[in-house]
Each structure stands twice: as C-alpha cells, then as structure tokens.
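# Inside the fold
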Amino acid sequence: MKKHSIAIFTALAVAAISGQAQAKNDAPEWVSKAVFYQIYPSSFKDSNGDGVGDIQGVIDKLDYIKSIGVNTLWFNPMFSSEFKDGGYDITDFYSIDKRFGTNADFKRLVEEAHKRGLRVCLDLVAGHTSDQNAWFLESKKGPDQRYSDYYIWPDRIPDDVKGKEKDQISGVIGEDSFVKTDSGRSPFYIKNYYDSQPALNYGYANPNPQHAWEQPIDAPGPMAVRREIENIIAFWMDKGADGFRVDMASSVVKNDPGKLASIKVWQDISSWYKAKYPEGVLISEWSNPKESSAAGFNIDFMMHTGKYNFSSLFFNKVGGEFEPQVSYFAKQGKGQIKEWYDLYTEQYNATKGKSYISLPTGNHDIQRLNAGDRNTLDQLKVTMTFFLTMPGTPFIYYGDEIGMKFQTGLWNKEGSQGRATKNRAGSRTPMQWDDSKNAGFSTADYWNLYLPVDKDANRPTVAKEDKDPASLLNYTRQLLTLRKDSPALSADGDWKLVSDVNQPYPMVYLRSSGDDRYLVVLNPSEQPRDVSVAALKVKTAKLVAGDNIQGSYKPGDQSDAIHAGAISAQVYKLD
Ligand code: GLC
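Keep in mind it's a predicted model, so treat the numbers as computed, not measured.

### Concerning the overall build of the protein
Broken down by element type, the protein carries 13 helices and 20 strands. With respect to the principal axes defined by its C-alpha atoms, the protein has extents near 75 × 60 × 45 Å. Counting over 575 residues, the protein shows a buried share of 63%. Looking at the protein alone, contacts between residues at least 24 apart form 67% of all its contacts between residues at least 6 apart. Carbon together with sulfur atoms contributes 50% to the accessible area of the protein, which is approximately 21200 Å² in total. Of the side chains in the protein, 68 bear a positive and 73 a negative charge, and the two mean positions are spaced by 2 Å.

### Re the sheet that holds strand S13 (residues 494–497)
If you walk across this open sheet you meet the 5 strands as S13-S14-S15-S20-S17, and the pairing is antiparallel. Looking at which strands have only one partner, the edges of the open sheet turn out to be S13 and strand S17 (541–547). Looking at each pair of strands side by side, their axes are set apart by 20 degrees on average, direction ignored. The pairing of S13 with strand S14 (residues 507–513) spans 4 bridges and is antiparallel. Following the sheet pairing, Asp 494 is matched in S14 by Ser 512. Packed on one face of the sheet, helix H10 (residues 338–351) meets S13 and S14 and runs near 150 degrees to S13. The sheet strands contacting helix H13 (residues 472–484) are strand S15 (516–523), S17 and strand S20 (568–574), and the helix crosses S17 at an angle near 145 degrees.

### Focus: the layout of surface pockets
Rolled over the atoms, a probe as big as a water molecule pinpoints where empty space is left. Put simply, the largest pocket is a space of about 890 Å³. As for the largest pocket, its lining consists of 35 residues, and the residues nearest its centre are Gln 168, Met 248, Glu 285, Thr 305 and Gly 306. In terms of residue class, the lining of the largest pocket is built from 8 nonpolar, 15 polar and 12 charged.

### Brief notes about the sheet that holds strand S19 (residues 559–564)
An order of S16-S19-S18 is seen for the 3 strands of this open sheet, with the pairing classed as antiparallel. In this open sheet, the two strands that pair with only one neighbour each are strand S16 (529–534) and strand S18 (552–554). The sheet shows a mean angle of 15 degrees between the axes of neighbouring strands, direction not considered.

### Thoughts on the pattern of salt bridges
Tallied over the entire structure, the rule returns 28 salt bridges. Here Glu 414 ties to Arg 99 by a salt bridge, and the two come within 2.6 Å at their closest N and O atoms. In this pair, Glu 414 is assigned in the loop between strand S12 (395–397) and helix H12 (462–467) and Arg 99 in the loop between strand S4 (90–96) and helix H4 (103–115), connecting sequence segments 315 residues apart. The burial state of Glu 414 is the same as that of Arg 99; both residues are buried. Here Asp 247 ties to Arg 245 by a salt bridge, and the two come within 3.0 Å at their closest N and O atoms. Assessed through its relative accessible area of 6%, Asp 247 is described here as buried. With a relative accessible area of 1%, Arg 245 lands in the buried category. Connected via shared salt-bridge partners are Asp 63, Glu 112, Lys 115 and Arg 116.

### Comments concerning the packing of aromatic side chains
Going through the model one piece at a time under the given rule, you end up with 49 aromatic pairs. Centroid distance Trp 74 to Phe 301: 6.0 Å. Interplanar angle 35 degrees. Geometry classified as tilted. On the criterion of sequence distance, the pair formed by Trp 74 in strand S2 (residues 72–75) and Phe 301 in strand S10 (residues 299–301) is long-range, its members being 227 residues apart. The class for Phe 301 is buried, based on a relative accessible area of 3%. For the cation-ring pair, Arg 99 lies above Phe 83, with the distance from its terminal atom to the ring centre recorded as 3.5 Å. Of note, Lys 180 hangs over the ring of Phe 188, and the distance from its end group to the ring centre comes to 5.0 Å.

The rules behind these values
Residues numbered from 1 in each chain as written. Predicted model: local features only at pLDDT ≥ 70, side-chain atom pairs only at ≥ 80, totals over all residues. Heavy atoms only, no water. Helix = DSSP H or I, 4+ residues; strand = E, 2+ residues; numbered from the N terminus. Buried < 20%, exposed > 50% of the residue type's maximum accessible area, 1.4 Å probe, protein only. Contact = heavy atoms within 4.5 Å. Areas by Shrake-Rupley, 256 points an atom, 1.4 Å probe, with all protein chains shown as cover. Lys, Arg positive; Asp, Glu negative; His and termini not counted. Charge placed at Lys NZ, Arg CZ, Asp CG, Glu CD. Pairing = 2+ DSSP bridges. Axes fitted to C-alpha atoms, helices over the stretch in contact; angles between N-to-C directions. 1 Å grid on protein atoms, 1.4 Å probe; cavity = no way out; pocket = protein on both sides within 12 Å on 5 of 7 lines; lining within 4 Å. Points joined across faces, edges and corners; volume = space filled by probe spheres on them. Nonpolar A, V, L, I, M, F, W, Y, C, P; charged D, E, K, R; others polar. Salt bridge = Lys/Arg side-chain N within 4 Å of Asp/Glu carboxyl O. Phe/Tyr/Trp six-rings, centres within 6.5 Å; stacked < 30°, edge-to-face > 60°. Lys NZ or Arg CZ within 6 Å of the ring centre and 35° of its normal.

Given below as structure tokens:
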C-alpha cells in the first residue's frame, strides 16, 4: 500500500475509534430488539440417532426456542470440517457438513425459523481454514496456483520473533505462530489457533521489506481473500441467513497491535455488506467494542478474551479453570465489581448509540451460568437477572435457560481442550430435553453420543422446567417479556450504576428511557445486605420481577433505602 493511503485510513480509523465518525447506530432496526440464542449444533438435538445433533433436530425444536422469548439464532460453524476444532477448521465454506445435513436442509431451517419470526445467523470463520481445505492444499504446492497467496509462507523464523509467544491481547504473532511443514513450497506457514488452522492471508499492517512473505493488506493475495470472504457471506445471505458472528475478527491482519489495519479491512467488508444486505447483522468476536464498532460491527462481546473481559464478574471457581479471582457472582460475597465496571463503562460510553455490547450467559469456549458452587436455582436466577437486564444484546447459550451444569472431567472432544481454556467440552454437552433416553437428545447408545449427557439424576430438563412456574426457564421467559415491552430495559435504554462501585453487594443500577425507569438490585452473596442510594425521586416502586425477595425499596427525600435478602434479585418499575 502507498504511504498516503496508509495515512488516510489511519486517520479515518482513529476518528472512528475516538467517536468522531459513525455517530449513529447503523444496525438494522430489528437488531435493537434482538435476543440471541446460541446453538452448538453437535449438541442440540439429534434427529437421526447417530449421536450428534443436526439441522432437522433444530427444526424440530424451533417452537421451544421461540417459547423462550428469544428471536435470533446464532449457530457455531455448520460447514464441512475436519472437526479438529469443533468445526472452526473448515474444509469447504460453501457446504453444510454432512453430520448436520445438506445445504437444502439449511434453507429449510431458515424458512421454518422465519415462519416463526426467528432470524438465523451463522459463524464466519474469516481468519483461517482447515489444513485440509482445497485452497490450502493447492497453496502448498507453490506460488503459481489459483490459491497460492491465500496463506502466508515464511521462509524462516526471523530473529526478532524467536523465543516469543503470540501476544494474546495485541495478536502480534510469535514463534508459536510458525508451523513447520514439509510442503516443498516453504518450511513454514502461519497459523491462527491450532497447527491445523493455517491463517488466511489478509496481509501485515507494516510489512517488513526483509520478510518477503509479509504482504501489504491491499496486495493481490489479501484482496483475493477478502473477495472470497464476501463471496461466502453472499452465498449464505442469499440462502436466507440474517447475518454472521465473525470468529477472531480482530486478528485477521498480522502484526497490527493498534488494530488500525484490521479495522480498515472490516470497514471495507462491512460497507460492502451493509450496501448489499442492509437487513443483515454483523457481530464480532473482537472483545473491544470501541474498535469493532469503528470496523462496522453492530455487536461485540465482552467475555473472556483480551483486556475488556468480564472474568472478574462472572467466572466461578471450578476445576482449575476460569478462576482469575473470586468472581462477583459467587455466593461467598467476596468479589468486586470495580474492575469490570471500569472496563465496561469505558466501552459503554464510547459505543452508546453506535453499536451494542453483549455480555453472554456463556458460550462454547467458556463456563456456563451453572458452574462450580454457583449451582442453586436462586444463584442462577440472580445471575440471569443481570444478563437480561443489562443494555446491549443478550445472548443466551443453549441450556443456560434451564441451568444446565458446566461438566468437569471431560476428555478432549474435537479440539475442545483449547489452548488457554482446557475444558471447553464442559459447556458443550447434550441439551437436556426430558427424562427419556439420553435426556431426549438422541436415541443413540451412550458411547456414540457426541459428549456424555449430565448424569445427575436431578439434572434440569426442558420438560420439567416448562411445567414448573418457579423454574429458571420460566423466570427467563418472564424477564424477556419484561425486556421486550420496556424501552428502558431494551438494548438502547440508559444504564447507570447507582450504588457505590466500591461496595459491590448489592449492585444497584437504573435502566431508563424517558419516563420509563427500572431499578435492578442484585445480591449474589449469602449475606443479606443494606444500602442507601441518592434519592431517585420515586413516587411508587413496583416489584415486577425477582427472586428470593426478602428485600425492600424505600424511597426517601435525600436517599432511598434498599434491603436485599441473601442471594436475591429485585427488579422494580419506578414511577
Ligand atoms: C474462536 C472460537 C473458538 C475457536 C477459535 C479458533 O475463539 O470461538 O471456539 O477455537 O476461535 O477458531
């Protein structure tokens, strides 16, 4: 790329990140009301008895999904794959893997979902492919093939990289990103995650002229990769998809610590997308909403990766993982909210009106709501109250709505023992439907199941919880109904912590939009707690949802007094 064009895109990107551009949320209107339900397709519902979930299984359960109150599905990758990383190692981006069905089945899924008012989003694994992908096999042969420049082929490990590991926050590659190969073309290729996942070539932010393999982002190879990505997007959007969650979106361009080049690439792709598919959504796995918003994404996650994570708030001590500290949502009441609050408010203030932050209830890489000793109905309801009353876009991970348990001690299933998070299988076990064989997930024999079903005799199931008015499922439904009907509780409603950030139990926050106001009081700790907050000038406060309510809210002239029972949640409508 020429020097002056670098300067222009740098200026644009900096302006966008600092909030001077993109003043309004340009997501399609429906996104402001979207509530997502994430499906890990191998584990949701098996319709043909082979022990692995499939598209027909999902179609059979669409009425249930709709009944939760969600309105959009996001599927982990369903494309042809070697399954060395749970489907994130794609061999053919243009076909549904046969374990799930066919492309025609996908079209049927979309039709059946749309009939019920449910939208369907897919996973775009933009950064890498399987090492068995035909593009890679061809690229491997030499520099003169159709797909030669789709990948990055260093002829050596440069001295300045030797001994360094990839930086997990900035994404700057290390010696561990170089995979030794006997391809004949070159002794190394660059990978993204596992060795079997060669990185697609989006170029380098600042190519080193001494390193011939480092191409500028607008070189022919990287530009061809971008066209291919647009082609994949168009292929599935034309089959009726409503959008994509983009895997590892922030790290497509190599050695781009400030992310300006990655932002530029996504600005180009997202502008094309928005012009061609104005009703489509783009969600990023970026974990820095300021940056992803500037790149044109409508929604970004705050979860376990990068600096802007929710680990201190959410991750519970279990099995030697996800325990950076005592989490806020642990019953011991020893957590804090300051760390999360500072990170969250920085992002919230910078992206409000531009894009949405999602705090997911869990996902296929992290622990579930029900993890470790956060396992009672009350604890789960308190935590769920938080996730469904925050601004931005809720994402419910399949099974979290019934409180499925994060399973410990599982083996490595299709790459589930991830690089940083070792037990991803614990969150990928079969959905628990009813009391029939394998909890209704599959008619297959136990040993043929994708992963074992929770063996607890009292495991939660959809059938049980559907009938029980006090269940987590029905509580989730109640919260989503409340959210749907309230501008204050919606994705766009204002959010303000009204309790003292340094006295975290209970956490009290106000959601508001004009005259519509709600107050949320959360006490995940085992101790009852009292707090007073500056007067909110309330005439009446009506309790509209909550759990374990031995609490109260007493408005006063100067201050309002709040009592929160042990492990409790209270949601008040204020007038
Ligand atoms: C994302 C996915 C994760 C996968 C990785 C590599 O982080 O969520 O499951 O292993 O990318 O594709």
